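Structure assessment
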Amino acid sequence: MTDLKQKDLLIKEWLEEIKTYIIEQKNEDLEVSQKTADNDLVTRMDKTIEEKLVGKIRSHFPSDKIVGEEGFGDQVDSLEGTVWFIDPIDGTLNFVKQQENFAVMIAVYTDGIPECGYVYDITQNKLYSSIKGEGVCCNGQQVQHPENLKLNEGMIASSSALMGNEKKPVIREIGRTCMGVRMRGSAGLETVEVLKGNVIAYIASNLKPWDVAPGLLFMSEMGMTASQFDGEEIDLLKDNSIIFATNNAHKEIVNMLDA
Ligand code: 2AM
Ligand code: CA
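Residues numbered from 1 in each chain as written. Chains lettered and ligands numbered in written order. Predicted model: local features only at pLDDT ≥ 70, side-chain atom pairs only at ≥ 80, totals over all residues. Heavy atoms only, no water.

Their axes nearest at 11 Å, the elements helix 1 (residues 3-25) and helix 2 (residues 44-60) cross at an angle of 155 degrees. On the basis of the axis angle, helix 1 is roughly antiparallel to helix 2. Regarding helix 1 and helix 2, the two cross each other, and that crossing is right-handed. On the side of helix 1, the interface is formed by Leu10, Trp14, Glu17, Ile18, Tyr21, Ile22 and Gln25, while helix 2 contributes Arg44, Met45, Thr48, Ile49, Lys52, Leu53, Lys56, Ile57 and His60. For the contact of helix 1 with helix 2, the class distribution of residues is nine nonpolar, three polar and four charged. (Axes fitted to C-alpha atoms, helices over the stretch in contact; angles between N-to-C directions. Helix = DSSP H or I, 4+ residues; strand = E, 2+ residues; numbered from the N terminus. Parallel < 35°, antiparallel > 145°, perpendicular 65-115°, else oblique. Left-handed = near helix turned anticlockwise from the far one by under 90°. Contact = heavy atoms within 4.5 Å. Nonpolar A, V, L, I, M, F, W, Y, C, P; charged D, E, K, R; others polar.)

With that settled, the discussion passes to the side chain of Glu190. Mapping Glu190 onto the fold places it in helix 6 (residues 187-196). No salt bridge forms around the buried Glu190; measuring N to O, its nearest opposite-charge neighbour Arg184 is 6.7 Å away. (Buried < 20%, exposed > 50% of the residue type's maximum accessible area, 1.4 Å probe, protein only. Lys, Arg positive; Asp, Glu negative; His and termini not counted. Salt bridge = Lys/Arg side-chain N within 4 Å of Asp/Glu carboxyl O.)

Take the sheet that holds strand 12 (residues 201-207) next. Pairing is mixed across the open sheet formed by five strands, whose spatial order is 11-10-12-14-13. Every interior strand has two partners, whereas the edge strands, strand 11 (181-182) and strand 13 (225-228), have only one. Here strand 10 (residues 156-158) runs beside strand 11; their pairing, made up of two bridges, is parallel. When the bridges of strand 11 are listed, Ala157 appears paired with Arg182. Strands in contact with helix 8 (residues 247-258) are strand 12, strand 13 and strand 14 (240-245); relative to strand 14, the strand with the most contacts, it is inclined by about 145 degrees. (Pairing = 2+ DSSP bridges.)

Moving on, we get to the pattern of salt bridges. Throughout the structure, instances matching the rule amount to twelve salt bridges. One salt bridge in this structure joins Lys12 and Asp8, with 3.0 Å as the shortest N-O distance. Separated by four residues within a single helix, Lys12 and Asp8 lie in helix 1, roughly one turn from each other. Exposure remark for Lys12: the relative accessible area of 25% places this residue in the partly exposed category.

What follows covers the coordination of the calcium ion (ligand 2). Distances from the calcium ion (ligand 2) to its protein donors, namely Glu69 (OE), Asp87 (OD), Asp87 (OD) and Ile89 (O), fall within the range 2.1 to 3.2 Å. All donors of the calcium ion (ligand 2) come from a single chain, and their spacing in sequence reads E-x17-D-x1-I. Neither residue differs from the other here; Asp87 and Ile89 are each classed as buried. (Donors = N, O, S within 2.8 Å, 3.2 Å for Na, K, Ca; no water.)

What follows covers the packing of aromatic side chains. Here the structure, examined in full by the defined rule, presents four aromatic pairs. Directly above the aromatic system of Phe61 lies the positively charged group of Lys7, at a separation of 5.1 Å from the ring centroid. The ring of Tyr21 is capped by Lys52, whose NZ or CZ atom sits 4.4 Å from the centre of that ring. (Phe/Tyr/Trp six-rings, centres within 6.5 Å; stacked < 30°, edge-to-face > 60°. Lys NZ or Arg CZ within 6 Å of the ring centre and 35° of its normal.)

Near ligand 1 the following residues occur: Glu69, Asp87, Ile89, Asp90, Gly91, Thr92, Ser159, Gly185, Ser186, Ala187, Leu207 and Asp211. Residue Asp90 places a side-chain N or O atom 2.6 Å away from an oxygen atom belonging to ligand 1. At 3.5 Å, a side-chain N or O of Asp211 approaches an oxygen atom of ligand 1. In terms of residue count, strand 4 (residues 82-90) provides more of the shell around ligand 1 than any other element does, three residues in total. The class makeup of the residues in the shell around ligand 1 is three nonpolar, five polar and four charged. Counting contributing residues, the shell around ligand 1 receives three or more from each of domain 1 (4-142) and domain 2 (151-258). (Near = heavy atom within 4 Å. Polar contact = N/O pair within 3.5 Å; in protein donor to acceptor, adjacent residues only side chain to side chain. Domains from an automatic or database assignment.)

Geometric values such as these leave the question of function open.
In structure tokens form, the structure reads like this:
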């Protein structure tokens, strides 16, 4: 078995442990607190899950670097070597308010090239995973490539922050050009909607590296396009405003954003 396959199995084992932990803890006090704003929350679970994952990575791969949302990782200013991206709970507001529509996310990159990525929809029991070159699977079953639809042939996903931003009316114009807008509140799960073909694009502003790291691999494995709003490559060392889309819809969205 290759090192990458072994790593993939190990990560999947860790994710199963995390799922069991979340299910066990779900009726306990989440100890919710605010970070940068009223709707930017963190819970005891976000912190504990990240701490657990960082501990496992450090014990198995001590020379790798870790970029994590809750600060248990490293200060990373270069993508040289192997870098792990961890979002212990993506969609924390959903986790607190709905106890569903959240995901645990991990991605591993070496010298800026993706190796593997994971988005685990815990309550739906659906693990989306990818090893570079092998496409994307859901619970081990290959996800089929969606049709390369144009903007007026499907719906888009976006964030409420971006859709409600009065300084960016073009986003609502994009929303009117397509068949409808859906907002799920988890960057990872919105990305999954794109690769399944449920929406033709996900457009969101100021996402953190851990919000997009697995999705970037998923998009390339599905032959779809991922970029920043201006069409430039996504940079995993900074915040990015991103478009994940079918190739046709991507071209139209970049043109509209540029107009
Ligand atoms: P999070 O739950 O891990 O913070 C919500 O539209 C999506 O955007 C979620 O995936 C959320 O990730 C992400 N996001 C990134 N930055 C955010 C912020 N400052 N406030 C709220 N959500 C943010
Ligand atoms: Ca998070």
